[in-house]
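Residue-level structure breakdown
Spelled out, the chains give:
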Amino acid sequence: MTGKEHGGVRRPDPRLAGLGSRSRATLVAAALVVAGCGSGATLSQEAIDRARAQGVAPELMYVVDLPGFELAEQSVGGVGEDGFGAVYTGPGGEQVELRVDRTPYECAGTCERDGGGGWYTVHDGRQAYVAVRKDHYVKLVCPVGQVDRAVLKRAAEGARPAVGDGGTPAPPPSPVRRGDLPENGDGAPIQRTGPGG
């Protein structure tokens, strides 16, 4: 959605006034472009590196065009064994979750086949559109009614890889270094023995 609702009437976002839906989508996509990876990717290199360090498979890193929403890069990370996740936020704090994981996709709640490889689902007050690809799926999830079903479908089906051809292997996860441990010993407190033990 690109506007806020007041008393059941949707008011357009003043920042997007005068723009058609195609222009708005183009504006949002342009605003998201942070770093290129040869395929018009919209994730910064820092976000890509962070996700890869968490074990995300490069070929599962995707971005979507969701008019009125922007990618929250701090949300980028791993899902499951090597899947990818991120959150897109709207002007009023709305959130749409992006999840990319390996198939098979298992539907929960009310499931409806939509298109050749797509599913529309409703479960526990949340709606999702899932675009099933050859060996993985792209899923967009948000509260029911927050984003039009057709918009979710277009965004999920139009999802594109964020990392070139995905051919570069991910580095192994980095160990977490702590700066509060001593160089010698294990850092356990010293308990000196006194009289009686």
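An account of the accompanying structure is given in this report. (Residues numbered from 1 in each chain as written. Predicted model: local features only at pLDDT ≥ 70, side-chain atom pairs only at ≥ 80, totals over all residues. Heavy atoms only, no water.)

One open sheet accounts for seven strands, arranged β4-β5-β6-β10-β9-β8-β7; its pairing is antiparallel. Each edge of the sheet is formed by a strand with only one pairing partner; in this case those strands are β4 (70-79) and β7 (110-113). Put simply, the sheet's adjacent strands are angled 20° from each other on average, direction ignored. As defined by bridge partners, β4 adjoins strand β5 (residues 83-89) across six bridges and the pair is classed as antiparallel. Along β5, the bridge assignment pairs Glu70 with Thr89. Helix α2 (residues 45-53) contacts β4 and β5 of the sheet and is inclined by roughly 20° relative to β4. (Pairing = 2+ DSSP bridges. Helix = DSSP H or I, 4+ residues; strand = E, 2+ residues; numbered from the N terminus. Axes fitted to C-alpha atoms, helices over the stretch in contact; angles between N-to-C directions. Contact = heavy atoms within 4.5 Å.)

Let us look at the state of the cysteines. As enumerated under the stated definition, the model contains one disulfide in all. Paired through a disulfide, Cys107 and Cys111 show a sulfur-sulfur distance of 1.4 Å. Between Cys107 and Cys111, the S-S torsion sits near -100°, and that sign places the bridge as left-handed. (Disulfide = S-S within 2.5 Å.)

When the charged atoms of two side chains lie near each other, side chains of opposite charge can form a pair. Scanning the model with the defined rule gives nine salt bridges in all. One salt bridge connects Arg102 with Glu59, and the closest N-O pair in it is separated by 2.9 Å. Of the two residues, Arg102 is situated in strand β6 (residues 95-102) and Glu59 in the loop between α2 and β3 (62-63); the sequence distance between them amounts to 43 residues. With a closest N to O distance of 3.0 Å, Glu112 and Arg149 form a salt bridge. Placement of the pair is Glu112 in strand β7 and Arg149 in helix α3 (residues 149-157), with a sequence separation of 37 residues. (Salt bridge = Lys/Arg side-chain N within 4 Å of Asp/Glu carboxyl O.)

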